[in-house]
Amino acid sequence: MKKLLVAFAAIAAFSAHAADTLTVAATPVPHAEILEFVKPALAKEGVDLKVKVFTDYIQPNVQVAEKRLDANFFQHQPYLDEFNKAKGTNLVSVAGVHLEPLGAYSSKYKKLEELPGGANVVIPNDATNGGRALLLLEKAGLIKLKDSKNILSTVKDITENTKDLKFRELEAATIPRVLTQVDLALINTNYALEAKLDPSKDALVIEGSDSPYVNILVARPDDKDSAAMQKLVAALHSPEVKAFILEKYKGAVLPAF
């Protein structure tokens, strides 16, 4: 009987441990770094946080939807909305964490005014970040769009292009690799940081703090209110994380809580 009780206790302990394990997908910078920072605090709360790093914007959502992962941390709400619509998924935002201002970079020019006629410009090829890039270029005075409030604007919506800019669309993660081959590249801050760019110094134009593109923790509806998930939210919204973001990223990443 004693051995049986020990066995049951071991099974219960294993189940409790499994219930308190969270596996979260994240892009390397800053998402995975922020998650690694909160690991010790979560461990004290009885949550074993496992961070799985991805370098694309597709698989993190696919694998959460397929229940291979518990959550992900890499995207903003407009991107999630578009993904759910396109893929028929029902992923939800659990909490907003930080903002990564999108910026325009060039290895050839120091100011946007220096861009020549017919300059080659590369923007992200996903609907939300592509539209976001075009809105930033419009705000900078380089183009005009049919609707300045349409976050899903495409190059077909450009109504005025006085410099005759030539647009090319690429997967967001690959854009830093072609920076030296084009005149201007619109790069998400996580990928800019990975490429050792300093958004606060290197971007020729960058989104302001009024941007709606706050990066969010995302999960399935049935998981978003779990005890472990809410402990993760509390850790991500802690004063320690706010200080970590401000100190490490020097304004290139901004707390959104």
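Residues numbered from 1 in each chain as written. Predicted model: local features only at pLDDT ≥ 70, side-chain atom pairs only at ≥ 80, totals over all residues. Heavy atoms only, no water.

Engineer: Which residues make up the packing of aromatic side chains, and what are the values?
Structural biologist: One pass over the structure, following the stated rule, counts seven aromatic pairs. Pairing Phe244 with Tyr249 gives two aromatic rings, centres 6.2 Å apart and planes at 90°, and the pair type is edge-to-face. A residue is classified by how much of its surface remains accessible, and Tyr249, at 7% relative accessible area, is buried. Taken together, the aromatic side chains of Tyr57, Phe74, Tyr79, Phe83 and Tyr191 make up a single cluster linked through ring pairs. (Phe/Tyr/Trp six-rings, centres within 6.5 Å; stacked < 30°, edge-to-face > 60°. Buried < 20%, exposed > 50% of the residue type's maximum accessible area, 1.4 Å probe, protein only.)

Engineer: How would you summarise the sheet that holds strand S6 (residues 120-124) if you had to cite specific residues and measurements?
Structural biologist: Note: strands within a sheet are paired through backbone hydrogen bonds, in either parallel or antiparallel orientation. Taken in spatial order, the five strands of this open sheet run S9-S6-S10-S5-S11, and their pairing is mixed. Whereas interior strands pair on both sides, the edge strands pair on one side only; in this sheet they are strand S9 (166-170) and strand S11 (205-206). In the sheet, strand S5 (residues 103-105) pairs with strand S10 (residues 184-187) via three bridges, with the strands oriented antiparallel. Paired with Tyr105 across the bridge in S10 is Ala185. This element, helix H5 (residues 127-139), spans S5, S6, S9, S10 and S11 of the sheet and lies at about 135° to S6. (Pairing = 2+ DSSP bridges. Helix = DSSP H or I, 4+ residues; strand = E, 2+ residues; numbered from the N terminus. Contact = heavy atoms within 4.5 Å. Axes fitted to C-alpha atoms, helices over the stretch in contact; angles between N-to-C directions.)

Engineer: Any chance you could break down the packing of helix H4 (residues 77-87) against H5 for me, citing the residues and the numbers?
Structural biologist: Helix-helix packing is described using two parameters, namely the angle between the two axes and the distance between the axes. Contact geometry of H4 with H5 gives a least axis separation of 8 Å together with a crossing angle of 140°. One element, H4, and the other, H5, form an angle in the oblique class. Contacts between H4 and H5 involve Pro78, Tyr79 and Glu82 on the former and, on the latter, Ala127, Thr128 and Asn129. Its residues placed into classes, the contact of H4 with H5 shows three nonpolar, two polar and one charged. (Parallel < 35°, antiparallel > 145°, perpendicular 65-115°, else oblique. Nonpolar A, V, L, I, M, F, W, Y, C, P; charged D, E, K, R; others polar.)

Engineer: Tell me about the nonpolar core, residues and numbers included.
Structural biologist: The nonpolar side chains of a soluble globular protein tend to be buried, and buried together. Ranked by internal contacts, the top residues of the largest apolar core, which has 32 residues, are Val24, Leu35, Leu49, Leu217, Leu232 and Tyr249. Taken together, the elements giving at least two residues each to this core come down to strand S1 (21-26), helix H2 (28-44), strand S2 (48-53), strand S3 (71-76), strand S4 (92-99), strand S12 (214-219), helix H8 (227-236) and helix H9 (239-249). Setting aside residues up to four positions removed in sequence, Leu232 forms contacts with Leu22, Val24, Leu35, Val38, Leu42, Leu49 and Leu217. One finds Val121, Ile123, Leu135 and Leu186 within the second-largest nonpolar core, a separate group that totals 22 residues. (Core = buried A, V, L, I, M, F, W, Y, C linked by side-chain atoms within 4.5 Å.)

Engineer: Tell me what's going on with the pattern of salt bridges, and back it up with residues and numbers.
Structural biologist: Throughout the structure, instances matching the rule amount to twelve salt bridges. Measuring nitrogen to oxygen at the nearest pair gives 3.0 Å for the salt bridge that ties Arg220 to Asp223. No difference in accessibility class separates Arg220 from Asp223, as the two residues are buried. Where salt bridges share partners, they join Arg220, Asp222 and Asp223 into one cluster. (Salt bridge = Lys/Arg side-chain N within 4 Å of Asp/Glu carboxyl O.)

Engineer: Could you give an account of the layout of surface pockets, with specific residues and numbers?
Structural biologist: Computed from the structure, the largest pocket encloses a volume of approximately 220 Å³. Around the largest pocket, the lining is made up of 13 residues, and of these Leu135, Lys139, Glu207, Pro212 and Tyr213 lie nearest the centre. Considered class by class, the residues forming the lining of the largest pocket number five nonpolar, three polar and five charged. What lines the second largest pocket is simply Val29, Glu33, Leu193, Glu194, Lys196, Leu197, Asp198, Pro199, Lys248, Tyr249, Lys250 and Ala252. Looking at the lining of the second largest pocket, the elements that each hand over two or more residues are H2, helix H6 (189-194) and H9. (1 Å grid on protein atoms, 1.4 Å probe; cavity = no way out; pocket = protein on both sides within 12 Å on 5 of 7 lines; lining within 4 Å. Points joined across faces, edges and corners; volume = space filled by probe spheres on them.)

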